[in-house]
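Here is how the chains run, residue by residue.
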There are 2 protein chains.
Amino acid sequence: MGEFELIRRCFMQARQGAGVVTGIGDDCAVLQVPAGQQLVVSIDTLVEGTHFLPGTPPAEVATRLLGAAVSDLAAAAATPAWLTLALTLPRGDADWVEPFAAALAERACELGISLVGGDTTRGATLTLSAQVHGFVPAGQALLRSGAQVGDRVLVSGTLGDSRGGLETLLQPRPVDADVRYLQQRFHRPEPRVMLAQRLRPLVHAGLDISDGLLADLNHLLEASGVGAEVERDRVPCSAALRRLYPQDAADWALSGGEDFELCLSVAAEQVTACLAEADRLGIRLTEVGRITAEPGLRVLDGSGQLIEGLARGYDHFKEST
Amino acid sequence: MGEFELIRRCFMQARQGAGVVTGIGDDCAVLQVPAGQQLVVSIDTLVEGTHFLPGTPPAEVATRLLGAAVSDLAAAAATPAWLTLALTLPRGDADWVEPFAAALAERACELGISLVGGDTTRGATLTLSAQVHGFVPAGQALLRSGAQVGDRVLVSGTLGDSRGGLETLLQPRPVDADVRYLQQRFHRPEPRVMLAQRLRPLVHAGLDISDGLLADLNHLLEASGVGAEVERDRVPCSAALRRLYPQDAADWALSGGEDFELCLSVAAEQVTACLAEADRLGIRLTEVGRITAEPGLRVLDGSGQLIEGLARGYDHFKEST
């Protein structure tokens, strides 16, 4: 059996999901979108050396890839359904592919998404593109546009952990519970699918935070034609991040990137309902700022003073088109 | 403006197509599949140095990528609709991206497919993954399974030209009309979308020829649980290929790969109707063999004798999962 035949068999063990008329093994997958639903799609690429360190265990590449990709479905308040995978490998390497495929299948099952097709190719750089497909009731996708002046800006979870997790890999330190927590946040993002669906009727606009809060909130502001103020001291950081990186925690929470938390624009009178819904799911949700008529994004310190010169972006080679 | 912002703007000029509720620029594209239609998807990757030569002009990378990807929709007899693109670039290089995006937009328009999203990343190796989305009336996708004993095997166009075109790039020779023809067949595949749709009611099974006639026909035979005999001398070669590579033409037609022509299994009594339909479209369609109960694929010479030891595959690093 050739190496690529082995790879094919690894992936063919993936669970056949709902709505899959014809899955892996033909020229195309044939899929049935439920009546009354719109299709929501997003494609995301991870490149070894750009998005993860060379030598990252294959299972962690799989969970990171799926978490990041499915987070885009969460950002649209969509229900995950199907996955396709374009995998470029330096070698047809079963030792890498088998644990990757096993972790991918397990994580896909947890996230309610099923592998329906792919293309495996040889190339010098390990590169993975995942396209995710989901559904929303017609007209109900959560978009970046729609934020209104006076809205409050809410974020889920804690920010900056993923950047902290990366730091523990770049500058290794003794592994304790905090280090493990941050590395898990880096390697295994938890897309906020359920939270987005529950909050969808209550919010005006939203997206997921992949380039850092400031960069992504800017995208939302541009799409909505508004501005915002963010109070730096309200941006939620985990205790682990504050303990390990007290000097950097606040900056990374604003600009660290790869958080895969939600950033939402919510009418002031809906904030309480949103917080209650998040509380029912056991997910932290924090008000960090407000939408303004004045364009641009301003970050304020604890005394309400504008902080100048904050880095806006995270990785200009990783912007989405 | 950053280089990747420029790239984003290049792609945002793509035409907004039918059924696109929200296109490029949000976390996801939101798409409306027409009532009564099933969604058909396929993802294809091209890697510089594996699938095309380093230094290939960007416009030719674009036409090759789209031709190969849309050919999978043709293989399913689907109508092309939407495209997403994962582009990994060694540099954020506007000199490369602008002509690539322009050629992609033009070819996408010709093929009736519209760019709805993507992800642009940095990596050491130029890598492009295109996911194509199309529709078929529910239950009408053309599949690899379904070939029946006694069916005739038909192929569209001529085979081996793409392999010949590659040879003219690997071993350059004086450029004449034949060389230009073969290079065009290599760089600008013409997916047989219309032919597949017209023939769909008349055929039992089919696929597109990407790995070479023998390798792909084997896929069809395995999916259908049958065998086949192919008459080598009936496999159609172009005059250009025969003139430039008289020693290799027949082999390349059987095993050359990247032809992106259709291979169809058709009941004997439907062959005439198929040929007439192809004739109306001005597309060559040729009977090259028949489906047998005996498993396996046999190639026969002009006197009906079995030819042993023919290469089956084309590129084992490029199999699809």
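For chain A, the name recorded in an unreviewed UniProt entry is Thiamine-monophosphate kinase, with Marinobacterium maritimum as its organism. According to the UniProt record, the Pathway (unreviewed entry) comment for chain A reads "Cofactor biosynthesis; thiamine diphosphate biosynthesis; thiamine diphosphate from thiamine phosphate: step 1/1."

Tallying secondary structure elements over chain A gives 10 helices and 12 strands in all. Against the globule reference of 20 Å for 321 residues, chain A gives a C-alpha radius of gyration of 20 Å, in line with a compact fold. The principal-axis extents of the C-alpha atoms in chain A amount to approximately 65 × 50 × 35 Å. Counting every position in chain A, which comprises 321 residues, the buried fraction comes to 61%. Restricting to contacts in chain A with at least 6 residues of sequence separation, those with at least 24 account for 85%.

With that settled, consider the interface of chain A and chain B. Contact with chain A, which involves 64 residues of that partner, is made by 64 residues of chain B. Roughly 5,200 Å² of surface becomes buried between chain A and chain B when both sides are summed, with 51% attributable to carbon and sulfur atoms. On the surface where chain A and chain B come into contact, there are 4 salt bridges. The partner of D26 of chain B in a salt bridge is R144 of chain A, and the shortest N-O contact between them spans 3.9 Å. Applying the counting criterion to the chain A and chain B interface returns 21 residue pairs in polar contact (both at pLDDT 80 or more). Top element by residues in the side of chain A that touches chain B is strand β3 (residues 37-47) of chain A. It accounts for 10 residues. Sheet analysis places β3 of chain A next to strand β2 (residues 29-31) of chain B, joined by 3 bridges and oriented antiparallel. Directly across from V41 of chain A, in β2 of chain B, lies its bridge partner A29 of chain B.

Here we take up the relation of the copies chain A and chain B. Structural alignment of chain A on chain B gives an RMSD of 0.0 Å, achieved by rotating through 180° and translating 0.0 Å along the axis. Here the transformation between the copies is reduced to the relation of a two-fold axis. Nearest to the rotation axis, the C-alpha of T125 of chain A is located 3.1 Å from it, this being the minimum over chain A.

This part covers the side chain of D27 of chain A. Within the secondary structure, D27 of chain A is located in the loop between β1 (20-22) and β2 (29-31). There is a polar contact of 3.1 Å between the side chain of D27 of chain A and the side chain of R144 of chain B. Excluding its chain neighbours within four sequence positions, the residues that come into contact with D27 of chain A are S42, D72, A75, R144, G206, L207 and D208 of chain B.

On to the domain arrangement of chain A. Residue and element names in this part refer to chain A. In terms of domains, chain A is made up of domain 1 (3-137) and domain 2 (152-300). At the junction of the two partners, domain 1 supplies 20 residues and domain 2 supplies 19 residues. The contact between domain 1 and domain 2 buries some 1,600 Å² in all, and 59% of this surface belongs to carbon and sulfur atoms. Linking domain 1 to domain 2 there are 3 salt bridges.

In this section: the packing of aromatic side chains. Residues and elements named next belong to chain B. Throughout the structure, instances matching the rule amount to 6 aromatic pairs over all chains. Arranged with centres 4.8 Å apart and planes meeting at 20°, the rings of W96 and F100 form a pair that is stacked. Taken together, the residues W96 and F100, both in helix α3 (residues 94-111) and 4 residues apart, mark about one turn of the helix. An identical accessibility class is assigned to W96 and F100; each is buried. A cation over a ring is seen here: R163 above W252, with NZ or CZ 4.5 Å from the ring centre. Cation over ring: R173 sits above Y245, and NZ or CZ is 5.3 Å from the ring centre.

Turning our attention to the UniProt feature "domain: PurM-like C-terminal" (unreviewed entry) in chain A. Mapped onto the present numbering, the UniProt feature "domain: PurM-like C-terminal" (unreviewed entry) falls at residues 148-299 of chain A. Taken end to end, residues 148-299 of chain A has its terminal C-alpha atoms 19 Å apart, with 42% of it in helix and 20% in strand.

Next up on the list: the pairing of strand β6 (residues 127-137) of chain A. Each regular strand shows side chains that alternate between the opposite faces of the sheet. Residues and elements named next belong to chain A. Most of β6 sits inside the fold, with 10 of its 11 residues counted as buried. The pairing of β3 with β6 spans 11 bridges and is classified as antiparallel. Within the sheet, the bridge partner assigned to I43 lies in β6 and is Q131. Across 9 bridges, strand β4 (residues 79-89) lies against β6 in antiparallel orientation. Paired with W82 across the strands is H133, a residue of β6.

Okay, the sheet that holds strand β9 (residues 227-231) of chain B next. All names here are of chain B. Across the sheet, which stays open at both edges, the 6 strands sit in the order β8-β10-β7-β11-β9-β12 with mixed pairing between neighbours. The two strands at the open ends of the sheet, each matched to only one other strand, are β8 (205-208) and β12 (296-300). On average, each strand axis in the sheet is inclined to that of its neighbour by 25°, with strand direction left out of account. Sheet topology note: the strand β7 (residues 152-156)/strand β10 (residues 262-266) ladder contains 4 bridges and is antiparallel. Directly across from R152, in β10, lies its bridge partner V266. Running at roughly 175° to β8, helix α2 (residues 58-75) makes contact with β8 and β10 of the sheet. Lying on the sheet, helix α7 (residues 213-224) is in contact with β7, β8, β9, β10, β11 (285-292) and β12; it crosses β8 at an angle near 145°.

Attention shifts here to the side chain of R64 of chain B. By the secondary structure assignment, R64 of chain B is in helix α2. Given the relative accessible area of 3%, R64 of chain B is considered buried.

What follows covers the UniProt feature "binding site: Mg(2+) 2" (unreviewed entry) in chain A. The feature "binding site: Mg(2+) 2" (unreviewed entry), as given by UniProt, occupies D44 and D72 of chain A in the numbering adopted here. Separation in sequence by 29 residues is not matched in space for these annotated residues, since their most distant C-alpha atoms are only 8.9 Å apart. Looking at the secondary structure, you find D44 of chain A in strand β3. Residue position: D72 of chain A is located in helix α2 (residues 58-75). Residue class for D72 of chain A comes out buried when judged on its relative accessible area of 9%. Contact partners of D72 of chain A, with chain neighbours within four places excluded, come to S42, D44 and D208 of chain A together with D27 and C28 of chain B.

The rules behind each value
Residues numbered from 1 in each chain as written. Chains lettered and ligands numbered in written order. Predicted model: local features only at pLDDT ≥ 70, side-chain atom pairs only at ≥ 80, totals over all residues. Heavy atoms only, no water. UniProt positions renumbered as here; feature names shortened; annotations may be inferred. Helix = DSSP H or I, 4+ residues; strand = E, 2+ residues; numbered from the N terminus. Rg over C-alpha atoms; globule rule 2.2 N^0.38 Å. Buried < 20%, exposed > 50% of the residue type's maximum accessible area, 1.4 Å probe, protein only. Contact = heavy atoms within 4.5 Å. Buried area = accessible area lost by both parts, 1.4 Å probe. Salt bridge = Lys/Arg side-chain N within 4 Å of Asp/Glu carboxyl O. Polar contact = N/O pair within 3.5 Å; in protein donor to acceptor, adjacent residues only side chain to side chain. Pairing = 2+ DSSP bridges. Least-squares fit on C-alpha atoms with pLDDT ≥ 70 in both. Domains from an automatic or database assignment. Phe/Tyr/Trp six-rings, centres within 6.5 Å; stacked < 30°, edge-to-face > 60°. Lys NZ or Arg CZ within 6 Å of the ring centre and 35° of its normal. Axes fitted to C-alpha atoms, helices over the stretch in contact; angles between N-to-C directions.

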